[in-house]
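# Observations on the three-dimensional arrangement
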Amino acid sequence: MGLLSDPVRRRALARLVLRLNAPLCVLSYVAGIAWFLALAFPPLTQRTYMSENAMGSTMVEEQFAGGDRARSLARDFAAHRRKSGALPVAWLERTMRSVGLEVYTQSFSRKLPFPDETHERYMVSGINVYGILRAPRAASTESLVLTVPCGPDSTNSQAVGLMLALAAHFRGQIYWAKDIIFLVTEHDLLGTEAWLEAYHDVNITGMQSSPLQGRAGAIQAAVALELSSDVVTSLDVAVEGLNGQLPNLDLLNLFQTFCQKGGLLCTLQGKLQPQDWTSIDGPLQSVQTLLLMVLQQASGRPHGAHGLFLRYRVEALTLRGINSFRQYKYDLVAVGKALEGMFRKLNHLLERLHQSFFFYLLPALSRFVSIGLYMPAAGFLLLVLGLKISSASTLHEAGVGPEEAGENPPHPLTQGVGLASLVAPLLVSQAMGLALYILPVLGQHVATQHFPVAEAEAVVLTLLAIYAAGLALPHNTHRVVSTQAPDRGWMALKLVALIYLALQLACITLTNFSLGFLLAASMVPAAAITKPSGPRALYAALLVLTSPAATLLGSLFLWRELQEAPLSLTEGWQLFLATLAQGVLEHHTYGALLFPLLALGLYPCWLLFWNVLFWK
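Residues numbered from 1 in each chain as written. Predicted model: local features only at pLDDT ≥ 70, side-chain atom pairs only at ≥ 80, totals over all residues. Heavy atoms only, no water.

### A closer look at the overall build of the protein chain
Note the threshold: A run of DSSP states H or I qualifies as a helix once it reaches four residues; a run of E qualifies as a strand once it reaches two. Both are numbered from the N-terminal end. Here the term buried applies to any residue with accessible area under 20% of the maximum for its type, exposed to any over 50%, and partly exposed to those in between, with areas from a 1.4 Å probe on protein chains only. By the convention used here, residues are in contact when the closest approach between their heavy atoms is within 4.5 Å. Computed by Shrake-Rupley with a 1.4 Å probe, the accessible areas treat only the displayed protein chains as cover when residues are assessed.
Helix and strand counts for the protein chain stand at 22 helices and 12 strands. Out of the 616 residues in the protein chain, the part that is buried amounts to 54%. Pairs at least 24 residues apart make up 80% of the contacts formed inside the protein chain by residues separated by at least 6 positions. Total accessible area computed for the protein chain in this model is approximately 25,800 Å², and 61% of it derives from carbon and sulfur atoms.

### Notes on the pattern of salt bridges
Condition: We define a salt bridge as a contact between a side-chain nitrogen of Lys or Arg and a carboxyl oxygen of Asp or Glu at a distance within 4 Å.
This model, assessed by the stated rule, comprises 11 salt bridges. Salt-bridge contacts for Glu 62 lead to Lys 261; the nearest nitrogen and oxygen are separated by 3.2 Å. Of the two residues, Glu 62 is situated in the loop between strand S1 (46-47) and helix H4 (67-84) and Lys 261 in helix H8 (residues 249-262); the sequence distance between them amounts to 199 residues. For Lys 261, a relative accessible area of 38% corresponds to the partly exposed category. Measuring nitrogen to oxygen at the nearest pair gives 3.6 Å for the salt bridge that ties Glu 564 to Lys 271. Of the two residues, Glu 564 sits in the loop between helix H20 (548-562) and helix H21 (569-590) while Lys 271 sits in the loop between strand S9 (266-268) and helix H9 (281-299), which places them 293 residues apart along the sequence.

### Concerning the UniProt feature "transmembrane region" (unreviewed entry) in the protein chain
Stated precisely, the cut-off is as follows: UniProt positions are given in the numbering used here, feature names are shortened, and annotations may be inferred rather than shown by experiment.
Under the UniProt annotation, the feature "transmembrane region" (unreviewed entry) is placed at residues 20-41, 357-385, 417-439, 451-473, 493-526, 538-559 and 593-615. A distance of 29 Å separates the end C-alpha atoms of residues 357-385, which is 52% helix and 31% strand. Measuring from the first to the last C-alpha atom of residues 593-615 gives 32 Å, for a span that is 87% helix and 0% strand.

### Notes on the side chain of Asn 128
The condition is simple: In protein, a polar contact requires one atom able to donate a hydrogen and another able to accept it; more generally it is a pair of N or O atoms within 3.5 Å, and residues adjacent in sequence count only if both atoms are side-chain atoms.
You can see Asn 128 is positioned in strand S3 (residues 121-133). Of note is the side chain of Asn 128, whose polar atom sits 2.9 Å from the backbone oxygen of Gly 191. If near-sequence neighbours (up to four positions away) are discounted, Asn 128 is found in contact with Tyr 104, Thr 105, Gln 106, Phe 108, Leu 183, Val 184, Thr 185, Glu 186, Gly 191, Ala 194 and Trp 195.

### Thoughts on the sheet that holds S3
Our working definition: A pair of strands is treated as paired once DSSP finds two or more bridges between them. Only the contacting stretch of a helix is used when fitting its axis, a line to C-alpha atoms as for every element, and angles between N-to-C directions run 0 to 180 degrees.
Spatially, S6-S2-S3-S5-S4-S7-S10-S8-S9 is the arrangement adopted by the 9 strands of the open sheet, whose pairing is mixed. Since the sheet does not close on itself, it has two edges, and those belong to strand S6 (208-209) and S9, each with one partner. The pairing of S3 with strand S5 (residues 179-186) spans 5 bridges and is antiparallel. Paired with Tyr 130 across the two strands is Leu 183, which belongs to S5. Set on the sheet, helix H11 (residues 332-346) makes contact with strand S4 (142-150), S5, strand S7 (218-226), strand S8 (234-238) and strand S10 (315-322); between it and S7 the angle comes to about 170 degrees.

### Quick notes on the nonpolar core
This is how the line gets drawn: We call a set of buried Ala, Val, Leu, Ile, Met, Phe, Trp, Tyr and Cys residues a nonpolar core when their side-chain atoms join them within 4.5 Å. Where each domain begins and ends follows an automated or database-derived domain assignment.
In terms of nonpolar packing, the biggest core is built from 112 residues, with Phe 36, Trp 195 and Leu 501 touching the most fellow members. Of the residues forming this core, the biggest block, 13 residues, is contributed by helix H22 (residues 594-613). Lining this core are residues from two domains, each supplying at least three of them: domain 1 (54-365) and domain 2 (421-614). Apart from the residues within four sequence positions on either side, Phe 36 is in contact with Leu 290, Leu 291, Val 294, Ala 377, Phe 513 and Phe 517. Listed in part, the 71 residues of the second largest apolar core include Leu 101, Val 129, Leu 225 and Met 293.

### So, the sheet that holds strand S12 (residues 367-370)
The strand order across the open sheet formed by 3 strands is S1-S12-S11, and the pairing between neighbours is antiparallel. One side of each edge strand has no neighbouring strand; the edge strands of this open sheet are S1 and strand S11 (360-364).

### A few points about H8
Stated precisely, the cut-off is as follows: Given a helix with a known number of residues, its expected span is that number minus one, times 1.5 Å.
Taking 1.5 Å of rise per residue, the 14 residues of H8 would be expected to cover 20 Å, and the 20 Å separating its terminal C-alpha atoms lies within 8% of that figure. For H8, the buried fraction is high: 10 of the 14 residues fall into the buried class. Listing the buried residues of H8 in full gives Leu 249, Asp 250, Leu 251, Leu 252, Asn 253, Leu 254, Phe 255, Gln 256, Phe 258 and Cys 259. With a side-chain oxygen lying 3.0 Å from the backbone nitrogen of Asp 250, the N-terminal cap of H8 falls on Asn 248. Gly 263 sits one or two positions beyond H8 and adopts a positive phi of about 75 degrees.

This is the structure:
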């Protein structure tokens, strides 16, 4: 503390930081990237373990043997669905009642802000069907959910058949202490969101739905099931939920434990678990799995029906049956036994899952990285901004430019910089962000009237037009307002922009580490070196390549490369345009926050650095 309280020592420390600012920033950035890559290696990654005592043992005897019944029900469901062209509600009600469930339906409708061309829908209406198995040993205070989402273009018949066969098997058991809800939703996530909003008596997305006639207890956990074949070679688990939320790690550990008990092959991000951690192959494979999870979590999209349950404090997973060319094949009995074991252990819970981690990264299904180990990677990147803020603050107070810092020692000046020179760029940048957020959806009908484009294309084209227009508008505004102290003007603006960026990235990293780290890794270098002198063409190119839109485009190419399905430039651009439309649509439909974060926060902040570059 004496070093900071002594003015002489404090000035000496400031001069040292100023003199070594560039090498310290480079070292900090390299340390952050290196720390992140090292997370996939055993010194920083730990083996998963069960923290909840009630689920610590798998000593339950799974008795499910209804594979033939599941296949028969799946064929009947598929036939009735083809015949009706929609979800066979009457057949589902009749079948659920025949196995002894309380059966209810819920109708819902939703007008999307603009047509969803991916699923070819605009005015969406459907019916959810759910049956409740009442616990014979409790008073309906707690419940578990097994849900099967059925979309117009998904083939999930085997999952419905297995769910109904499990319901018939569970009905004959007397040890249930929690109600079990068997839910079939129409239109994928839209039906799931409608049911969850009605179950919790809220309306946060503008969904129109009928009230639920039957309820169970507070939902403790949920499992979403997706199967497209009678046999599977592996079960892939999805954990990433809406806005990067993750379920309690114990639920994932429970799934892995019963897969190991039943001999089921389980994967994460479609990748097998590394077997050999002593050689370089195991960690390299875990790096790919880790990067895939980071990209999935950063998108903020719910990667399965489970992702919407997490918003309501319900721990949930999505299990997908994969039928590939692997030599191991498992039938519906093996999958059913794993689900039976999971539900029997969840039935033992005395309280919500809370003892294990909610913030983690997964380089493999059997290994995890806790929040205390991955946060330093983002901390090193944010330290670069801290060093630049310290340097800019010192130079601004001294009244000298970066080129003069080495020649003239910093000394306080009385000359100030007019606030008007900062207010104009700040207001214009924020106004551009507000226009980027509001105008694409509001102006879609005007665009379709004057141009031969569809509504979704109009939204995307308006997004791109406003984004590009922002590059031309802000950097001339300060000249109209102030012509004095130009050096101190851009230094003050850069200081404000650095603080603004550091605060945003810090807040994002605390709630969604993956998104915060990706944005920091891309935006920090350009933000640190941008200035209105030197090779401005190089700085401009670097700023454009690290802008939020370019970061999104690069992430899409990296994601497909890691999935071993690389994109051409044309395919990448088409996927980028589709992703923009889906991002806006998911924000208005489910409440995904990536679009408003980029439009209202990071894009205006990036425009401030663009303004700094063209200050002179």
